[in-house]
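Descriptive analysis of the structure
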Amino acid sequence: MFEFLKPVSEDLLAYMESLPEHMLGQQVECYRSGYEPELKEGGLVLFSVVENRNDPNGSLENLSFDRIRKQFYSLAKGNWSVVIYDLGEILTGETVNDTYFAVKEITKQLHLKKCIPIMLGGSQDLMYGQYRAYEPENGMVNLVNVDACFDLGNVDLPITNQSYVGKIVIDQPYNLFNYTNLGYQSYYVAPEELDLLNRMFFDGYRLGEVAGNLKMVEPIMRDANIVGIDCNSVSSAYYGVRPNGFTGREICALSRYAGISNKVTSFGIYEYNSDICYPSGDQLVAQLVWYFIEGVSARWNESGELETMDVIHYQVPVNDEVVSFYKSRITERWWMEITYSNRLNNNLISNALLPCTYEDYVEACDQILPERWYNAKMKFEM
């Protein structure tokens, strides 16, 4: 794994050593020249990926994550028991496919060690490498993307940061079960793209819908395996150049929800551009990492399997269906059960429970089937 990586620089190491004891710079264990840290199970592993050649507007020469690292190191450590590592940077491959391969292999190796990778990336097509680390024989995966666009693109053309989702959907081997977009902005999404998303029974939520009810994100993240955040989904008041987007507080809340999810096993922050990012933007990206770690430290071991949970069972007749809802007696989180007419597809996931909200239960009581329930049922029966 370390053959793909460039150690943390001596300048950054010196900066870390100059920080007060309570700051993260004194707590993070780094890959440095001549020293490879022994990764412990449950560790959170930060690394950056200097790659944006598949961004038509990318400038590889000026892409640096040193400012983010300094901001991250200078944050105070939370009340955490998790161990944090910084493995430096993935060496830029001779081709972009070489970089994807390195991202895939490092992510796979970290999963084997039961560690959670946290990637700081250039262009968001790097999510393709992140996704490819999940092998079909290990089960289907759910991907959540916080992005103003769908990035489906034209799959007949070479992959870019505007078409990587389309490549994930169509490229073999297939192991994507669900894709969810959080925060899309309608003026960046063609009607044909929205129609395609709906026909694949994937989920998309507009910026206003998510920002107006952040709690709706919790069950979506609870069912995710891979989470990616596009920095350009944030308003230019906090980062970048787009006038509309999530506020700093909102995007940090989404990052924390991703961390809380027991299922999330890789997390990436992409589309960082050191040329246009001012100091508060660097601070925000560092705080996204901090909030993800804060979420991981607050995880509660609820597997989502009925036989291991203490739940209250509610049965709600909706038209010709009887939908079962379950509420945890401990965390008060909700799930809804999907029933299938085609039982052959049950091997796609380990159980038939879909995380949901109390509002989904109330809607079902009002004879409205939750859209996520319908989409999940249709995908299993296709």
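Residues numbered from 1 in each chain as written. Predicted model: local features only at pLDDT ≥ 70, side-chain atom pairs only at ≥ 80, totals over all residues. Heavy atoms only, no water.

What about the sheet that holds strand β12 (residues 321-328)?
Let me state the cut-off plainly: Here, a strand pair is defined by DSSP locating no fewer than two bridges between the strands. Labels follow the DSSP assignment, with helices taken as runs of H or I lasting at least four residues and strands as runs of E lasting at least two, numbered in each case from the N terminus. Inter-axis angles, ranging from 0 to 180 degrees, are taken between N-to-C directions of lines fitted to C-alpha atoms, where helices are fitted over the stretch in contact. Note on contacts: a residue pair qualifies if any of its non-hydrogen atoms lie within 4.5 Å across the two residues.
Strand order across the open sheet formed by four strands is β11-β12-β13-β14, with antiparallel pairing between neighbours. Each having just a single partner strand, β11 (311-318) and β14 (353-356) make up the two edges of the open sheet. Strand-to-strand twist in this sheet, taken as the mean axis angle between neighbours without regard to direction, amounts to 30°. Relative to β14, strand β13 (residues 334-337) runs antiparallel, the two sharing four bridges. If you follow Trp335 over to β14, its bridge partner there is Pro355. Seen against the sheet, helix α11 (residues 358-365) touches β11, β12, β13 and β14 and runs at an angle of roughly 35° to β11. Helix-sheet contacts for helix α12 (residues 371-381) involve β12, β13 and β14, and the interaxial angle to β14 is about 155°.

Regarding a negative patch on the surface
The condition is simple: Patch membership needs two things, relative accessible area over 30% and no salt bridge, and members are linked within 9 Å if like-charged or within 5 Å if nonpolar (Val, Leu, Ile, Met, Phe, Trp, Tyr). Computed by Shrake-Rupley with a 1.4 Å probe, the accessible areas treat only the displayed protein chains as cover when residues are assessed. The rule for a salt bridge is simple: a side-chain nitrogen of Lys or Arg has to be within 4 Å of a carboxyl oxygen of Asp or Glu. Charge assignment: positive for Lys and Arg, negative for Asp and Glu; neither His nor the chain ends contribute. Lysine's charge is taken at NZ, arginine's at CZ, aspartate's at CG and glutamate's at CD.
Taken together, the side chains of Glu10, Asp11, Glu17 and Asp66 define an acidic patch exposed on the protein surface. Considering every element that reaches the negative patch, the biggest residue donor is helix α1 (residues 10-17), with three residues.

Some points on the confidence of the model for the protein
How we decide: pLDDT expresses how confident the predictor is about each individual residue, on a scale running from 0 to 100.
Confidence in the prediction of the protein, expressed as mean pLDDT, is 92, and 97% of residues score 70 or more. In this model residues 343-351 is a low-confidence stretch, pLDDT under 50, and it forms 12 contacts with partners more than four residues away in sequence or in other chains.

Points about the packing of aromatic side chains
This is how the line gets drawn: Working definition: rings of Phe, Tyr and Trp (its six-membered ring) pair if their centres are within 6.5 Å, and the pair is stacked with planes under 30 degrees apart, edge-to-face with planes over 60 apart, and tilted otherwise. Working definition: with a 1.4 Å probe on protein chains only, accessible area under 20% of the residue-type maximum means buried, over 50% means exposed, and in between means partly exposed.
Tallied over the full model, the rule gives 18 aromatic pairs. Considering the side-chain rings of Tyr179 and Phe202, the 6.1 Å spacing of their centres and the 65° angle between planes classify their relative orientation as edge-to-face. Remark: Phe202 occurs in the loop between α6 (191-199) and β8 (203-206) and Tyr179 occurs in strand β7 (residues 176-184); sequence separation between them is 23 residues. No difference in accessibility class separates Tyr179 from Phe202, as the two residues are buried. Ring centres 5.8 Å apart and planes at 50° place the aromatic pair Trp334 and Tyr358 in the tilted group. Pair noted here: Trp334 is in strand β13 and Tyr358 is in helix α11, with a separation of 24 residues, a long-range link.

Some remarks on helix α10 (residues 279-297)
Let me state the cut-off plainly: In this scheme, a helix's expected span is set at 1.5 Å multiplied by one less than its residue total.
If you check α10, its first and last C-alpha atoms are 27 Å apart, about what 19 residues at 1.5 Å a residue would give, namely 27 Å. The complete set of buried residues in α10 reads Gly281, Asp282, Leu284, Val285, Ala286, Leu288, Val289, Trp290, Phe292, Ile293, Gly295 and Val296.

Section: the pairing of strand β5 (residues 116-121)
With six of six residues buried, β5 lies mostly within the body of the structure. Residues Ile116, Ile118 and Leu120 point to one face of β5 and Pro117, Met119 and Gly121 to the other, with burial holding for every one of them. As defined by bridge partners, strand β3 (residues 44-49) adjoins β5 across six bridges and the pair is classed as parallel. Pairing of Leu46 across the sheet is with Ile118, part of β5. Here three bridges tie β5 to strand β10 (residues 266-270), and the two strands are oriented parallel to one another.

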